[in-house]
Amino acid sequence: MYIPVKTYYNKCINIMVKNGKEAIILYHYIEQQAVLLQPYLAELRKNLHRHPETAWEEERTTEKIAGILSQAGYEIVRGAAVAGHQTGVIATLHGPDPAGPVTVLRFDIDALAVSESATLDHLPAAEGFASLHPGKMHACGHDGHTAIGIGCALLLAKIKECLKGTLRFIFQPAEEGARGACPIVERGWLDDADYFLASHIFRKTPDLPPNCNVIPGVSHSLATTKTDLIFHGKAAHAAHPEQGIDVIPAMADLILRLDRSGKDGFLHAGTIQGGRSRNIIADYGKIELETRAPSTESDRELNQILKKISADICAQYHVTCEHRITGSAPSLESSPDFVQQITTLFDKQLERLHPLHSMIPFPASEDAAHMMNRVKEHGGEAAFLLFPTNLAADLHQSDFDFPMEILSTGVTAFSSIVFMLANGKIY
């Protein structure tokens, strides 16, 4: 599958690093290797797609990632040291010069609680790699993200003698629900990072140039807070409702008051659970909801609105309500100078990458924002890339799918950026 570096370019690596022409040759090598990896990446993605695992349950996925990358020479950390649970992988590769930068790449690995389409116009169903687990599906492209991350790690391991510094891959659990990034940040995995990179597969929109296959940076994303509202009332016989306090009317009223289309974001209820039996006045209920807003500040304001609504509801219906925040993500922002550097690299050295020359907003939320903020806090730089492509359906839908060729595109993009950073210049 691989062409050894010394076969492709048979000169001393130290000369290559000092001489722009030889470095340009290695960029071509990266592109070529990414193309050669494409069949492997496609089969890997199919394997991951068949076995979706939702947040904090990604045990098979964790095992597969750790197994592949340990064989490729990476130092592997897994289990509670990653994010406090048994899933997720940190894979580290050290180059020949420890004085080089610490570059961190993050790839999310979890699936969604979505039932996959079984119709034969849905490619995974037609080609036999649809989800084997009812009610679970990779409907957000994380199987593709994971395949890109593994492919990038394998390619870079082949040229590790060209890479000054330290390379760290984070295969993150529980991105859905915005729960996985914070515990990884809290454990210090970003504290020494000079550069941070993450990405998402993205629907190509009509306003993008037809050949555009990478957007080197996102200007901002939607901020979000995930909250469980726990209602408490008083149980009583249904024949004597005056003796109880019913949470069901309170919950219904709150749902009706939620503003789903405000110009500064919206509140959305995803699940509602309440009561214990039809003949008992409901003394317990739970609403799982979220806010989404175009900025971190407007998300805070939405949560204040939610608190006021729930307080008014409690007073009116004589119930109590607990607010339990289960996850969150601020709006992310790529470092502009870093994005410009990446754009120049893609333009000058890579034939297969056709970048957009300006940052755009990402109309979703990403808890990688916590990691980006941590890196920027201590003077590092961060970029969140998008890979636009023709999706079969939008994110989180049962017939979501993406073209396989985006996998080698992603490997090319990440690997070339890492090489650029490890050697200090584009050439």
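Scroll up a little and you will see the structure.
For every chain, the first residue of the written sequence is number 1, and numbering continues from 1 onward in sequence order. For a predicted model such as this one, the threshold for reporting local features is a pLDDT of at least 70, and the threshold for listing and counting side-chain atom pairs is 80 or more; totals across whole chains, interfaces and linings nevertheless cover every residue. As a convention, hydrogens and water are excluded, and side-chain values are obtained from all of the structure's heavy atoms.

## As for the packing of aromatic side chains
Rules: The pairing test for Phe, Tyr and Trp rings, Trp by its six-membered ring, is centres within 6.5 Å, and the orientation test on the planes gives stacked under 30 degrees, edge-to-face over 60, and tilted for anything in between. Counting from the N terminus, the helices are the DSSP runs of H or I reaching at least four residues and the strands are the DSSP runs of E reaching at least two. The classification of residues rests on relative accessible area computed with a 1.4 Å probe and restricted to protein chains. Under 20% of the type maximum is buried, over 50% is exposed, and intermediate values are partly exposed. Working rule: Lys NZ or Arg CZ, within 6 Å of ring centre, within 35 degrees of ring normal, means a charge sits over the ring.
Going through the model one piece at a time under the given rule, you end up with 11 aromatic pairs. With a centroid separation of 5.1 Å and an interplanar angle of 75 degrees, the aromatic rings of F107 and F414 are classed as edge-to-face. Of this pair, F107 sits in strand β3 (residues 102-108) while F414 sits in helix α13 (residues 406-423); the two residues are 307 residues apart in sequence, bridging distant segments of the chain. F414 matches F107 in its accessibility class, with the two residues each being buried. On the numbers, 6.2 Å between centres and 55 degrees between planes, the contact of F400 with F402 is tilted. The same class applies to F400 as to F402, namely buried. Of note, R45 hangs over the ring of F402, and the distance from its end group to the ring centre comes to 4.0 Å.

## Observations concerning the sheet that holds strand β9 (residues 284-293)
This is how it is decided: Any two strands between which DSSP finds at least two bridges are classified as paired. Every axis corresponds to a line fitted to the C-alpha atoms, with the helix fit spanning only the stretch in contact, and the corresponding angles, defined between N-to-C directions, vary from 0 to 180 degrees.
As summarised here, the arrangement of the four strands in space is β8-β9-β7-β10, forming an open sheet in which the pairing is antiparallel. In the strand order of this sheet, the two ends are held by β8 (266-274) and β10 (320-329), each with one partner. The mean inter-strand angle of the sheet, taken between neighbouring strand axes irrespective of direction, is 20 degrees. Here eight bridges tie β8 to β9, and the two strands are oriented antiparallel to one another.

## Notes on unusual backbone geometry
With phi around 70 degrees, W56 is a residue other than glycine that occupies positive phi space. One can find W56 in the loop between α3 (20-50) and α4 (59-71). Taking relative accessible area as the criterion, W56 reaches 19% and is therefore assigned buried. Of note, A178 is a non-glycine position whose phi angle comes to about 55 degrees, a positive value. Inspection of the secondary structure puts A178 in the loop between β4 (166-172) and α8 (181-186).

## Some details on the packing of helix α11 (residues 336-349) against α13
In plain terms, the rule: Our angle categories are set so that under 35 degrees counts as roughly parallel, over 145 as roughly antiparallel, 65 to 115 as roughly perpendicular, and the remainder as oblique. Note on definitions: a residue-residue contact is assigned when non-hydrogen atoms from the two residues lie within 4.5 Å. Throughout, the ten residues Ala, Val, Leu, Ile, Met, Phe, Trp, Tyr, Cys and Pro are labelled nonpolar, Asp, Glu, Lys and Arg are labelled charged, and all others, Gly among them, are labelled polar.
Here α11 crosses α13 at 110 degrees, and the two axes come no closer than 11 Å. When the axes of α11 and α13 are compared, the pair comes out roughly perpendicular. Judged by residue contacts, F338, Q341, I342, L345 and F346 of α11 engage A413, S416, I417, M420 and L421 from α13. Among the residues making up the contact of α11 with α13, the classes are represented as eight nonpolar, two polar and no charged.

## Quick notes on the side chain of D143
Looking at where D143 falls in the secondary structure, it is placed in helix α7 (residues 142-158). Non-local contacts of D143, meaning those with residues more than four positions away in its chain, are made with R45, L48, H49, H138 and F402.

## A short note on the nonpolar core
As a reminder, the rule being used: What makes a nonpolar core is a set of buried Ala, Val, Leu, Ile, Met, Phe, Trp, Tyr and Cys residues whose side-chain atoms join them at distances within 4.5 Å.
Among the nonpolar cores identified, the biggest contains 71 residues, and L69, Y74, F169 and F346 are the most heavily contacted of them. With 11 residues, the top contributor of residues to this core is α13. Those residues within four positions of F346 in sequence are excluded, and the remaining contacts are V214, P216, L353, P355, L385, A413, S416 and I417. Counting 35 residues, the second-largest nonpolar core is a separate cluster that includes F202, L208, A369 and V375.

## So, the packing of helix α9 (residues 247-257) against helix α10 (residues 296-317)
Stated precisely, the cut-off is as follows: Crossing handedness is defined as follows: a turn of the near helix away from the far one that is anticlockwise and smaller than a right angle gives a left-handed crossing, while the clockwise case is right-handed.
Viewed as axis vectors pointing N to C, α9 and α10 meet at an angle of 145 degrees, and their least axial separation amounts to 10 Å. For the crossing formed where α9 meets α10, the hand is right-handed. Judged by residue contacts, P249, A250, D253, L254 and R257 of α9 engage I309, S310, D312, I313, Q316 and Y317 from α10.

## Description of the state of the cysteines
What counts here: A pair of sulfur atoms, both from cysteines and within 2.5 Å, is called a disulfide here.
Taken as a whole, this structure holds zero disulfides when the rule is applied. You can see C152 has no disulfide; the closest cysteine sulfur is in C162, sitting 14 Å from it.

## Description of α10
For the record, the criterion: Each helix should span, by expectation, one fewer than its residue count multiplied by 1.5 Å. This arc corresponds to the set of directions leading from the helix axis out to the C-beta atoms.
When the terminal C-alpha atoms of α10 are compared, their 32 Å separation across 22 residues agrees well with the 32 Å that a helix rising 1.5 Å per residue should span. Residues S298, D299, L302, N303, L306, I309, S310, I313 and C314 constitute the buried set of α10. Down the axis of α10, the buried side of the element spans an arc of 160 degrees, and every buried residue falls inside it. Exposed residues on α10 whose side chains face more than 90 degrees from its buried face are K308 and A315. Among the structural elements, β7 (223-232), α9, β8, β9 and β10 are those in contact with the buried residues of α10.

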